[in-house]
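Secondary and tertiary structure notes
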Amino acid sequence: MGCCHSCLHYVLDYETPKTLVIQSKAVGFVFRFTQLLVILYVCVVQKGYQETDSVISTVTTKVKGFAYSNTSDLEHRFWDVADYVIPPQGDHSFFVLTNIIVTPNQTQSRCPELPTPSSICTADCDCTEGHSDPRSNGRLSTLGDNKHNGSQTCEVLSWCPLEIDTNLPKHAMLAAAENFTVLIKNSVTYPKFKRNIMPQINSSYLRRCEFNRITDPDCPIFRLKHIVSEAGEDFQSMAVKGGVLGILIDWSCDLDWWAGKCYPKYSFQRLDNKNPNNSVAPGYNFRFARYYKTPDGEETRTLIKGYGIRFDVIVFGTAGKFGIVPTIVNLGAALSFLSLVPAVSDWVMLTCARKKDLYNKHKVTYLNEDSDSESVSG
């Protein structure tokens, strides 16, 4: 019966707020200070008075610089932007050639396949004429006459002589690419606010500026060596097999009139996996060819396997501007959070105040409607 009586009281007792005035400057200070912190966090730190919009951007790049190389395949050669930027224009990215493997004077003919476990044979019956394997260098023909390191292989119909891509130069052929510069022209807009943000630059400024994190952080001209260095990499090491670097442009702006001008913030990061043990085909490379015709009309080509660094320009950001609707909504949220502040003050009184026993005694009062007296309880 006692248990049922207690449960009935718990369910059916009516509670009403009670005002207990405590004349303590310390507790009052904690109460008001906590209220102030809640309002500042919601309205100022989180900028709850602003509506936001995501950035839409356009990016174009222009690389400048030149280099020289001297190899047995290409001899003494001068390289300019038309040679090492492939393709000339990319979609929010650009590629700079740094190392190459050249296979010159290829013609369409028959030649022995390079030795692999699937291409080594001992008789013509091992060579299925007309068979095509995507991993081979051409269409299979008859048994070849040559032996490569003691292994005999089938002939293939392909561009001959075949490329041997295992002899990669240990040092980047275009090591001078580290001193190339790139101009990144980036314009952004925030559709909700109908506002375009154009970099505050002109031709005279561009002729004398170069990006520097400390002295010139707003200049859109970057030296490739510095980009790679800011990403924590060494340009000459990365240039041997190539890689992918991200140029991150943060356009997070405050568009209120008192906030000042909006400038981008640049950061740099390597995007590909450089660990050869945990990466399939580490680095970055692709093949392209240059075609010619001999005086007797035969088509020839020079095959180039190019290694280099691809720079991806990634633009992101959010803009905020004062709006009456988010201000009202977030102010209401701040006021609702204020209802939690008395719990902090109660904790201070119950743990730190000198008269905490007296406070605990008068915090709750039980009133019996069948009696004219009241009882207080902690």
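Residues numbered from 1 in each chain as written. Predicted model: local features only at pLDDT ≥ 70, side-chain atom pairs only at ≥ 80, totals over all residues. Heavy atoms only, no water.

Attention now moves to the overall build of the protein. Counting its secondary structure elements, the protein contains nine helices and 18 strands. Per-residue burial for the protein yields a buried fraction of 36% across its 378 residues. Put simply, 68% of the contacts in the protein that link residues at least 6 apart link residues at least 24 apart. In the form shown here, the protein has an accessible surface area of approximately 24100 Å², with 55% of it arising from carbon and sulfur atoms. (Helix = DSSP H or I, 4+ residues; strand = E, 2+ residues; numbered from the N terminus. Buried < 20%, exposed > 50% of the residue type's maximum accessible area, 1.4 Å probe, protein only. Contact = heavy atoms within 4.5 Å. Areas by Shrake-Rupley, 256 points an atom, 1.4 Å probe, with all protein chains shown as cover.)

Quick look at the nonpolar core now. Core analysis: the largest hydrophobic core is formed by 49 residues, its most contacted members being Tyr84, Tyr190, Leu224, Ile227, Trp251 and Phe311. The set of elements that each furnish at least two residues to this core consists of β2 (56-64), β5 (93-112), β8 (181-190), α5 (224-230), α6 (235-241), β11 (243-250), β13 (265-270) and β15 (299-316). If one sorts the elements of this core by residue count, β5 sits on top with six residues. Excluding its chain neighbours within four sequence positions, the residues that come into contact with Phe311 are His92, Ser93, Phe94, Val96, Leu224, Ile227, Leu245 and Ile247. Counting residues in hydrophobic clusters, the runner-up holds eight residues, among them Cys121, Cys127, Cys154 and Val156. (Core = buried A, V, L, I, M, F, W, Y, C linked by side-chain atoms within 4.5 Å.)

Note on sheets: strands pair through backbone hydrogen bonds, and any given pair is parallel or antiparallel. The three strands are arranged β1-β16-β12 in an open sheet whose pairing can be described as mixed. Two strands close off the open sheet at either side, each with one partner strand: β1 (50-54) and β12 (253-254). Bridge count between β1 and strand β16 (residues 318-322): five bridges; the pairing is antiparallel. If you follow Gln50 over to β16, its bridge partner there is Phe322. (Pairing = 2+ DSSP bridges.)

The full count for this structure, using the stated rule, is one cavity of 30 Å³ or more. The volume enclosed by the largest cavity comes to roughly 40 Å³. What lines the largest cavity is Glu210, Phe211, Ile221, Phe222, Arg223, His226, Ile227, Glu230 and Phe268. Within the residue set of the lining of the largest cavity, elements represented by two or more residues are β10 (221-223) and α5. (1 Å grid on protein atoms, 1.4 Å probe; cavity = no way out; pocket = protein on both sides within 12 Å on 5 of 7 lines; lining within 4 Å. Points joined across faces, edges and corners; volume = space filled by probe spheres on them.)

Attention now goes to the pairing of β5. Most of β5 is tucked away: 14 of the 20 residues are buried. Pairing between β5 and β15: eleven bridges, direction antiparallel. In the strand pairing of β15, Phe94 is matched with Phe311.

Let us look at the environment of Asn137. Mapping Asn137 onto the fold places it in the loop between β5 and β6 (139-148). If sequence neighbours within four positions are ignored, Asn137 has contacts with Glu113, Leu114, Ser158 and Leu162. In terms of polar contacts, Asn137 uses its side chain to reach the side chain of Glu113, at 2.7 Å. (Polar contact = N/O pair within 3.5 Å; in protein donor to acceptor, adjacent residues only side chain to side chain.)

Next up on the list: the packing of aromatic side chains. Evaluation of the coordinates by the stated rule reveals 15 aromatic pairs. Relative to Phe268, the ring of Phe211 lies with its centre 5.9 Å away and its plane at 75°, an arrangement referred to as edge-to-face. Residue Phe211 is found in the loop between α4 (203-208) and β10, and its partner Phe268 is found in strand β13; the two are separated by 57 residues along the sequence. Chaining the aromatic ring pairs together yields one cluster made of Phe95, Tyr284, Phe286 and Phe288. (Phe/Tyr/Trp six-rings, centres within 6.5 Å; stacked < 30°, edge-to-face > 60°.)

Let's shift gears to the UniProt feature "binding site: ATP" (unreviewed entry) in the protein. Taken from the UniProt record, the annotation "binding site: ATP" (unreviewed entry) applies to Lys62, Val63, Lys64, Thr181, Asn285, Phe286, Arg287 and Lys305. By secondary structure assignment, the location of Phe286 is in strand β14 (residues 285-293). Since its relative accessible area comes to 24%, Phe286 is described here as partly exposed. Residue contacts for Phe286: discarding those within four places in its chain leaves Ile86, Phe95, Ile304, Lys305 and Gly306. (UniProt positions renumbered as here; feature names shortened; annotations may be inferred.)

Time to look at the environment of Lys293. Counting through the fold element by element, Lys293 comes out in strand β14. Classification of Lys293 as exposed rests on a relative accessible area of 62%. Discounting chain neighbours no more than four positions away, the residues touching Lys293 are Glu298 and Glu299.

It is worth spelling out the side chain of Asp256 at this point. As for its placement among the helices and strands, Asp256 is situated in the loop between β12 and β13. Look at Asp256: it is buried, it has no salt bridge, and the nearest opposite charge is Lys321 at 6.7 Å. Within the structure, Asp256 has its side chain in polar contact with the backbone nitrogen of Phe322 (distance 2.8 Å). If sequence neighbours within four positions are ignored, Asp256 has contacts with Tyr49, Gln50, Gly320, Lys321 and Phe322. (Lys, Arg positive; Asp, Glu negative; His and termini not counted. Salt bridge = Lys/Arg side-chain N within 4 Å of Asp/Glu carboxyl O.)

Here the focus is the state of the cysteines. Summed over all chains, the structure comprises three disulfides. Each sulfur of the disulfide joining Cys209 and Cys219 lies 2.0 Å from the other. Of note, the bridge from Cys209 to Cys219 carries an S-S torsion of about 60° and is right-handed in sense. Here the residue Cys209 occupies a position in the loop between α4 and β10, and Cys219 occupies one in the loop between α4 and β10, the gap between them amounting to ten residues. (Disulfide = S-S within 2.5 Å.)

What follows deals with the pattern of salt bridges. Per the stated rule, a full pass over the model turns up nine salt bridges. Where Arg213 meets Glu230, a salt bridge forms, and the shortest distance between an N and an O atom there is 2.9 Å. On the criterion of sequence distance, the pair formed by Arg213 in the loop between α4 and β10 and Glu230 in helix α5 is long-range, its members being 17 residues apart. A residue is classified by how much of its surface remains accessible, and Glu230, at 36% relative accessible area, is partly exposed. Measuring nitrogen to oxygen at the nearest pair gives 2.8 Å for the salt bridge that ties Arg270 to Asp272. Each member of the pair, Arg270 together with Asp272, is buried. Here the salt bridges share partners, and the residues they tie into one network are Glu163, Asp165, Arg287 and Lys305.

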